[in-house]
Amino acid sequence: MNAARSLPVRAAAVAATAAAALLVSAFGGYHTTRATATLGAPASAEVETHADKHNQADVTFAQTMILHHRQAIAMAEMARTRASSSDVKALAVKIKKEQASEIRTMAGWLNAWGEKVPRGMYGMRHGHPSGMARMMNRKEMHALNRASGKSFDTMFLTMMIKHHGGAVQMAKAEKKHGSYGPAKALANRIVITQTAEIAQMRKMLRTS
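Residues numbered from 1 in each chain as written. Predicted model: local features only at pLDDT ≥ 70, side-chain atom pairs only at ≥ 80, totals over all residues. Heavy atoms only, no water.

Looking up the protein chain in an unreviewed UniProt entry gives the name Lipoprotein, with the organism given as Streptomyces antimycoticus.

As structure tokens, this is what we get:
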């Protein structure tokens, strides 16, 4: 191909490249993480959208909800030997299973983000769960641990209704302020699941 004939071809290639760049720019919700967004990039290039990025609200949600869930699990474990109602025991098993799985998921996110996975149940100075909605304090947890039979059932349901209400409040905040898609999806699931369990526990209290 002579120089005169190749000029239009080169011009067309330049125009195509520019058009592709404009198209990506127009949908400005994309940026690359491990590969450069150029023509000819491999099909396996990892592209991250805004929905996949996390922000501080996502980090706070994961860290505080892990602590919140750990306390719910501790309460549920007490029910195994102290509850008298089979319905309370069954609910406690369900809560422990659900929330242990969610803790593993959130800890995985924090590790991937290079953030600290909180230890223990409170994670705050002097053991005060400030900043975590409707957590039980140490005195309330000790009182629950000393109860048994029907007294335990009533105390457990009353406290867990309050505790679930706090989780729902935190999850709604994540849905509003979070950025990480999977975290917002988990928050939505927590709202649905724990709202239903609150209704169930209120009914159990009325009929006990």
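Having seen the structure, we can now continue with the description.
Describe the pattern of salt bridges, listing the residues and the values that go with them.
Counted according to the given criterion, the structure contains four salt bridges. With its nearest N and O atoms 3.4 Å apart, the salt bridge here joins K96 to E77. With a gap of 19 residues between them, K96 in helix α3 (residues 86-113) and E77 in helix α2 (residues 56-82) connect regions that are remote in the sequence. Note that K94 and E197 form a salt bridge whose closest N and O atoms lie 2.6 Å from each other. (Salt bridge = Lys/Arg side-chain N within 4 Å of Asp/Glu carboxyl O. Helix = DSSP H or I, 4+ residues; strand = E, 2+ residues; numbered from the N terminus.)

Please set out the environment of T195 residue by residue, giving values where relevant.
As for its placement among the helices and strands, T195 is situated in helix α6 (residues 181-207). Through-space distance from the C-alpha of T195 to that of G165 is 7.7 Å; in sequence the pair is 30 residues apart. Those residues in contact with T195 that sit more than four places away from it in its chain are V168 and I190. (Contact = heavy atoms within 4.5 Å.)

Give a description of the side chain of H163 that names residues and reports values.
On the secondary structure map, H163 appears in helix α5 (residues 149-177). Exposure remark for H163: the relative accessible area of 2% places this residue in the buried category. In terms of polar contacts, H163 uses its side chain to reach the backbone carbonyl oxygen of H68, at 3.3 Å. H163 has contacts with H68, Q71, A72, M75, R134, M135 and M136, leaving out every residue within four places of it along the chain. (Buried < 20%, exposed > 50% of the residue type's maximum accessible area, 1.4 Å probe, protein only. Polar contact = N/O pair within 3.5 Å; in protein donor to acceptor, adjacent residues only side chain to side chain.)

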